[in-house]
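# Commentary on secondary and tertiary structure
Here are the chains, one letter per residue:
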Amino acid sequence: MSVEKFYLILSLFLFLLGFFGILIRKNLITILVSTELMLNGINLAFVSIDKMLGGTDGQVFALFILTVAAAEVAVGLGIIVSIFRLRGYEGSSETVHLRD
Amino acid sequence: MEWVITALLSLWLVLSALCTIFMKNPVHVILAFLSVILAMAGIFLQMKAELLAGLQLIIYAVAIVVFYVLVITVIPWEKVKRFEGIYKQELFWGAPFFLISFLLMSYMVLKGKFAQPLNVISGDNVRDVGKNLFTSYLFPFEVASVILLVAMIGAILLGRKEE
């Protein structure tokens, strides 16, 4: 087993752990952090496959994922702050009515 | 020597990722996520992706984590404390799913055949990535800038106070 395959399995672990965190956490902020964990796992998979093949395309894709993560955090935290301001709570199982 | 560094970095990454999922206090979760980011930057440096390691430090560790901390200071703390914790039933039913899918997919990674190496790399990582980014991927690069602009405007619209 080479180092790149080991890192590929590690990225799989990170992705599944982020998915698991989205399922089990109650707080909306920690759910958003779990999403970041999933994106980090995808980044690690891209870079390790890139090292395996010897190109640079995967690193460019990882850069785009970094951009999307920044945009997602800006919009997601804005939504969390506005949910909190309009309703006064932020539990994930209470946020089922999206309109009022 | 390579495997020693790999083992240390991956142990650090796994421990801090587990802390990110299972810690109760949201501030502790964000600090554990910062530790995940630092370990990832070390892994990128080991795999000779220097540009991505630097960008990981600049964008994640400086911009995103500081933004999380800022938002936690905006929200009143006793309301945050009400919803910390873990759903026990989802933990009970999700753990076998996690284990089975991890074992299946890591078996597939270990047994699968990968494509042959291209060997187009010249050794200077920043130059290679920049050349690829501004020739083959110029249009997605521009689209990414538009996405960032739209997200910034959307965040301003969502976060402003209603009169």
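Predicted model only: the values in this text are computed from it and were never measured.

Turning our attention to the environment of Ile75 of chain B. All names here are of chain B. Among the structural elements, Ile75 can be located in the loop between helix H3 (50-74) and helix H4 (77-82). Judged by relative accessible area, Ile75 falls into the buried class, the value being 4%. Taking the C-alpha atoms as reference points, Ile75 and Gln89, separated by 14 residues in sequence, lie 28 Å from one another.

Before going further, it helps to spend a moment on the UniProt feature "transmembrane region" (unreviewed entry) in chain A. All names here are of chain A. In the numbering used here, UniProt assigns the "transmembrane region" (unreviewed entry) feature to residues 6-24, 31-49 and 61-84. Helix makes up 100% of residues 6-24 and strand 0%. Its end C-alpha atoms lie 27 Å apart. Secondary structure within residues 61-84 divides into 100% helix and 0% strand; the distance between the first and last C-alpha atoms comes to 34 Å.

Residues and elements named next belong to chain A. With the rule as written, the count across this model stands at 2 salt bridges over all chains. Here Lys51 and Glu4 are joined by a salt bridge, their closest N and O atoms 3.5 Å apart. With a gap of 47 residues between them, Lys51 in helix H2 (residues 28-53) and Glu4 in helix H1 (residues 3-24) connect regions that are remote in the sequence. Its relative accessible area of 14% is what places Glu4 among the buried residues.

Criteria and cut-off values
Residues numbered from 1 in each chain as written. Chains lettered and ligands numbered in written order. Predicted model: local features only at pLDDT ≥ 70, side-chain atom pairs only at ≥ 80, totals over all residues. Heavy atoms only, no water. Helix = DSSP H or I, 4+ residues; strand = E, 2+ residues; numbered from the N terminus. Buried < 20%, exposed > 50% of the residue type's maximum accessible area, 1.4 Å probe, protein only. UniProt positions renumbered as here; feature names shortened; annotations may be inferred. Salt bridge = Lys/Arg side-chain N within 4 Å of Asp/Glu carboxyl O.

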